[in-house]
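So you can see what is in the structure, the chains are spelled out below.
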Amino acid sequence: MFTRSERFWRYSAALLLSLVPIFASAASWQHEQGTLTLEKTPERVIALNWAATEALLLLGVTPIGVADRDGYNVWVKEPELPEGVANIGTRVAPSLEAIAELKPDLIVTSSEMAPAANLLERIAPTYVVSVYKQGSRPFEKASGMLTTLGDMLNREKRAEAVLNDIDQTLQAQRRRLENAGLTDRPVALMNFLDDRHVRVYAPNGLFQSALNALGLENAWPHSGNYWGFSVVGLEALAPYRDSRIVVISPTLPGLSDTLANSPFWTYLPPVQRDQVYQIDPVWPFGGVFPVKRLATLLADGLLAGGSDNVR
């Protein structure tokens, strides 16, 4: 027979042993709003920005809901978002009701949604990571997000394979440009906002990682905002006479005709040398994949040759 004290300790030990599998399976990660602890691998994930959406898709995880769903396939394009994913509102104002109805077991967001972090936490465990914020290095931050999500979702090898594939692609595109002797002149990457103003991508932005990997110098030497760009007039490009201009689509209807009659445009040395190159859209505020996409499109564009205007 056991005494009352012995029975108590045996019961306590049995209780603790029964809890071991639960504690053993729990894992924690630090993020921008604290600590996230998961008892099991999430299966129903919601992404509140496109960088997170991209990361999940690269890992082979289709989110059950994303913010600005329809815009993703217009602006980001790759990796493709499958049909059937729910739209849960905009990136700046997602619907908490729509999120709750989907019953997620993980929400991925960024610091822009910090005021709603407590509300999101009431719905599901929330991972807060910002690829774009003052002083961050976007590609390194996005790589870390991909790796951490791979850890959370039991996709560690997939995350490693994605990063290795990007690295190999960058090396291959650099060899193409070097073999063709096309790494000698700086490159100015830009989007047209109207016929007089462009968004030019700065050395502190995501696209700089592609330029560095390709062995190309950024013609625009000034830091931009924390999104990695500056808005300037065409005349601001004039001092960089040795540069090539790479225009990222889309462009406004009728822009080609307007620029053909613009003294600001026709005066630029790259325009006069037929060193204007236009490439398909690349999302400049994404995760790791746009670096791969830009590198391939940029190498293809430079190898195809330039002109004196946009299409």
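Note that the coordinates shown come from a computational prediction; the quantities given were computed from them, not determined experimentally.

## Here's the deal with the sheet that holds strand β4 (residues 65-66)
Part 1 of the reasoning: What the five strands build is an open sheet, ordered β5-β4-β3-β6-β7; its pairing is parallel. Lying at the two open borders of the sheet, with one neighbouring strand each, are β5 (86-87) and β7 (126-128).
Part 2 of the reasoning: Relative to strand β6 (residues 106-109), strand β3 (residues 45-47) runs parallel, the two being bridged by three bridges. Across the sheet, residue Ala 47 finds its bridge partner in β6, namely Val 108.
Part 3 of the reasoning: Across the sheet, helix α2 (residues 50-58) lies against β3, β4 and β6, angled at about 140 degrees from β3, the strand it touches most.
Part 4 of the reasoning: The strands that helix α6 (residues 138-152) touches are β6 and β7; relative to β7, the one it contacts most, it runs at about 160 degrees.

## Things to note about the pattern of salt bridges
Part 1 of the reasoning: With the rule as written, the count across this model stands at nine salt bridges.
Part 2 of the reasoning: Here Arg 91 and Asp 68 are joined by a salt bridge, their closest N and O atoms 2.8 Å apart. Taken as a pair, Arg 91 in the loop between β5 and α4 (96-101) and Asp 68 in the loop between β4 and α3 (69-75) lie far apart in primary sequence, 23 residues in all.
Part 3 of the reasoning: We classify Arg 91 as partly exposed; its relative accessible area is 31%.
Part 4 of the reasoning: By relative accessible area, Asp 68 is classed as partly exposed at 22%.
Part 5 of the reasoning: Sharing partners across several salt bridges, the network here consists of Glu 32, Lys 133 and Lys 141.

## Focus: the domain arrangement of the chain
Part 1 of the reasoning: Taken domain by domain, the chain holds domain 1 (24-154) and domain 2 (179-304).
Part 2 of the reasoning: Carbon and sulfur atoms supply 68% of the area buried between domain 1 and domain 2, which totals about 1,700 Å² over both sides.
Part 3 of the reasoning: A per-residue breakdown of the area domain 1 buries against domain 2 is headed by Trp 75, Tyr 132 and Phe 139, which together make up 37% of the total.
Part 4 of the reasoning: The interface formed by domain 1 and domain 2 includes one salt bridge.
Part 5 of the reasoning: Among the secondary structure elements, those contributing two or more residues to the side of domain 1 that touches domain 2 are α2 and α6.
Part 6 of the reasoning: When residues in the side of domain 1 that touches domain 2 are grouped by element, the largest group, five residues, is from α6.
Part 7 of the reasoning: When grouped by side-chain class, the residues that make up the side of domain 1 that touches domain 2 number twelve nonpolar, two polar and six charged.

What counts, and at which threshold
Residues numbered from 1 in each chain as written. Predicted model: local features only at pLDDT ≥ 70, side-chain atom pairs only at ≥ 80, totals over all residues. Heavy atoms only, no water. Pairing = 2+ DSSP bridges. Helix = DSSP H or I, 4+ residues; strand = E, 2+ residues; numbered from the N terminus. Contact = heavy atoms within 4.5 Å. Axes fitted to C-alpha atoms, helices over the stretch in contact; angles between N-to-C directions. Salt bridge = Lys/Arg side-chain N within 4 Å of Asp/Glu carboxyl O. Buried < 20%, exposed > 50% of the residue type's maximum accessible area, 1.4 Å probe, protein only. Domains from an automatic or database assignment. Buried area = accessible area lost by both parts, 1.4 Å probe. Nonpolar A, V, L, I, M, F, W, Y, C, P; charged D, E, K, R; others polar.

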